[in-house]
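Geometric and topological summary
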Amino acid sequence: MTAMRISGKDAAAQLRAKVGEIVAGLPARPSLAVVLVGEDPASQVYVRNKIKQTEEVGMASVNHRLPADISQREVEAVLDDLNRAEDVDGILLQLPLPNGLDEAAAIERIDPAKDVDGLTEISAGRLLQGKPGLRPCTPTGCVILAKQALGDDLTGLNVVVLGRSILVGKPAALLFLAENCTVTLAHSKTRNLAALCRTADILVPAVGRPLMVKADWVKPGACVIDVGINRVAAPDKGDGATRLVGDADYAAISEVAGAATPVPGGVGPMTIACLLRNTLIAAGARRGWALPADL
């Protein structure tokens, strides 16, 4: 058996195209504000990609680049201004923040109606209670990719999520539960972890441990949605060279799984596409626009 390769690039391109078509028919341009604090190289790359893709789908991009030595009060003042701005539909605070700043307090400053990352306590509470709201982008992308491989109806499937972070693990478990799956949330203290993973119809590694999930962790025919993005040494590419790998050993699990996402090119591209989707949903809710039910 060779696993079907689930292309996050293709799925993300389809979602961005759909968002762009809807935006083109709206009476005004939705807008996304991105706040970047400091000079973290990875964050700068992410922000550039977000700005580029925001503009490519016809949305307006509002960008705030703040120095690393800025105070907590000044960061929150910027967020307050964006909360009040009538022409801003979504607010993204790029994480991580520089040392000395309180990320949790800054996130809570964001208006939940504009919380396109789905990270505020109100957004999390609405997800837990099954109420409409903005959902975290990466877990949303996981569900979309699982449906691409298995079909829209995931009812009754067993899902094992490895990792209990508030960014991915916990919201992913709740999103799959909302799809009528039977969900197990596993973590570093889980007993007989490999055996548990072998019960999963859908396995979602999200722990940040490179190549942890091996072939004997995977149920034959299962769908593996790998959230891990880890940079490891690649001596075959030259001195000091690195490459990206997932939490699953893609080459090994591909001999057992029915479908799997690669790294790179799997879940990663879906994160920004789902961010644009959330911005459109936020704009529709704020401005009273009727959006397609299948967005």
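One can find the structure itself at the top, above this paragraph.
Here goes a summary of the coordinates provided. Owing to the predicted nature of the structure, the values given are computational and were not obtained by experimental measurement.

With that out of the way, let us pick up the overall build of the chain. Of the regular secondary structure elements, the chain holds 10 helices and 11 strands. Compactness check: the chain gives a C-alpha radius of gyration of 19 Å against a globular reference of 19 Å for 295 residues, within 12% of the reference. Seen through its C-alpha atoms, the chain measures out along the principal axes to roughly 55 × 45 × 35 Å. The burial tally for the chain puts 49% of its 295 residues in the buried class. Taking as baseline every contact in the chain between residues at least 6 positions apart, the subset at least 24 positions apart corresponds to 68%. As presented, the chain carries roughly 13,800 Å² of accessible surface, and 52% of it is formed by carbon and sulfur atoms.

Looking now at the sheet that holds strand S3 (residues 60-66). The strand order across the open sheet formed by 3 strands is S3-S2-S4, and the pairing between neighbours is parallel. Edge strands, defined here as strands with exactly one partner in the open sheet, are S3 and strand S4 (90-93). The average undirected angle you get between the axes of adjacent strands in this sheet is 15°. The pairing of strand S2 (residues 31-37) with S3 spans 7 bridges and is parallel. Considered in S3, the bridge of Val35 is made with His64. Across the sheet, helix H3 (residues 72-84) touches S2, S3 and S4, and the angle it forms with S2 is around 180°.

Our focus in this paragraph is the packing of helix H6 (residues 137-150) against helix H7 (residues 169-178). Running from N to C, H6 and H7 cross one another at 40°; their axes reach a closest spacing of 8 Å. Taken together, H6 and H7 sit at an angle that is classed as oblique. Crossing of H6 against H7: the hand is right-handed. Between H6 and H7, the contacting residues are Pro139, Thr140, Cys142, Val143 and Ala146 on the first element and Pro171, Ala172, Leu175 and Phe176 on the second. Residue classes in the contact of H6 with H7 are distributed as 8 nonpolar, 1 polar and no charged.

Take the pattern of salt bridges next. Following the criterion strictly, the structure yields 11 salt bridges and no others. A salt bridge links Glu86 to Arg286; its shortest N-O distance comes to 3.8 Å. Of this pair, Glu86 sits in the loop between H3 and S4 while Arg286 is found in helix H10 (residues 267-287), placing the two residues 200 residues apart along the sequence. Residue Glu86 is classed as exposed on the basis of its relative accessible area of 64%. Asp201 is paired through a salt bridge with Lys219; the nearest N and O atoms lie 2.7 Å apart. Taken together, the residues Asp201 in the loop between helix H8 (193-197) and strand S7 (202-205) and Lys219 in the loop between S7 and strand S8 (223-224) connect sequence positions 18 residues apart. Within the structure, one salt-bridge network assembled from shared partners comprises Glu86, Asp89, Arg286 and Arg287.

What follows is about the environment of Gln148. Mapped onto the fold, Gln148 is located in helix H6. Gln148 sits in the partly exposed class, given a relative accessible area of 38%. Put simply, Gln148 and Cys223 are 75 residues apart on the chain and 11 Å apart in space, counted from C-alpha to C-alpha. Leaving out residues up to four positions away in the same chain, Gln148 has contacts with Ile6, Ser7 and Ala11.

For the pair helix H1 (residues 8-24) and H10, interaxial distance at closest approach is 8 Å and the crossing angle is 20°. One element, H1, and the other, H10, form an angle in the roughly parallel class. Two packed elements cross with a definite hand, and for H1 against H10 that hand is left-handed. Across the interface between the two elements, Gly8, Lys9, Ala11, Ala12, Leu15, Arg16, Val19, Ile22 and Val23 of H1 pack against Pro269, Met270, Ala273, Cys274, Leu276, Arg277 and Leu280 of H10. Per-class residue counts for the contact of H1 with H10 are 12 nonpolar, 1 polar and 3 charged.

Among the nonpolar cores identified, the biggest contains 51 residues, and Val19, Phe176, Ile202, Val204, Ile225 and Leu280 are the most heavily contacted of them. Of all the secondary structure elements, the ones that give two or more residues to this core are H1, S2, helix H2 (41-56), H6, strand S5 (158-162), H7, S7 and H10. For this core, the leading source of residues is H10, giving 9 residues. Excluding its chain neighbours within four sequence positions, the residues that come into contact with Phe176 are Cys142, Val143, Ala146, Leu154, Val159, Cys181, Val183, Ile202 and Val204. One finds Ala3, Leu162, Val224 and Ala248 within the second-largest nonpolar core, a separate group that totals 19 residues.

What counts and how
- Residues numbered from 1 in each chain as written.
- Predicted model: local features only at pLDDT ≥ 70, side-chain atom pairs only at ≥ 80, totals over all residues.
- Heavy atoms only, no water.
- Helix = DSSP H or I, 4+ residues; strand = E, 2+ residues; numbered from the N terminus.
- Rg over C-alpha atoms; globule rule 2.2 N^0.38 Å.
- Buried < 20%, exposed > 50% of the residue type's maximum accessible area, 1.4 Å probe, protein only.
- Contact = heavy atoms within 4.5 Å.
- Areas by Shrake-Rupley, 256 points an atom, 1.4 Å probe, with all protein chains shown as cover.
- Pairing = 2+ DSSP bridges.
- Axes fitted to C-alpha atoms, helices over the stretch in contact; angles between N-to-C directions.
- Parallel < 35°, antiparallel > 145°, perpendicular 65-115°, else oblique.
- Left-handed = near helix turned anticlockwise from the far one by under 90°.
- Nonpolar A, V, L, I, M, F, W, Y, C, P; charged D, E, K, R; others polar.
- Salt bridge = Lys/Arg side-chain N within 4 Å of Asp/Glu carboxyl O.
- Core = buried A, V, L, I, M, F, W, Y, C linked by side-chain atoms within 4.5 Å.

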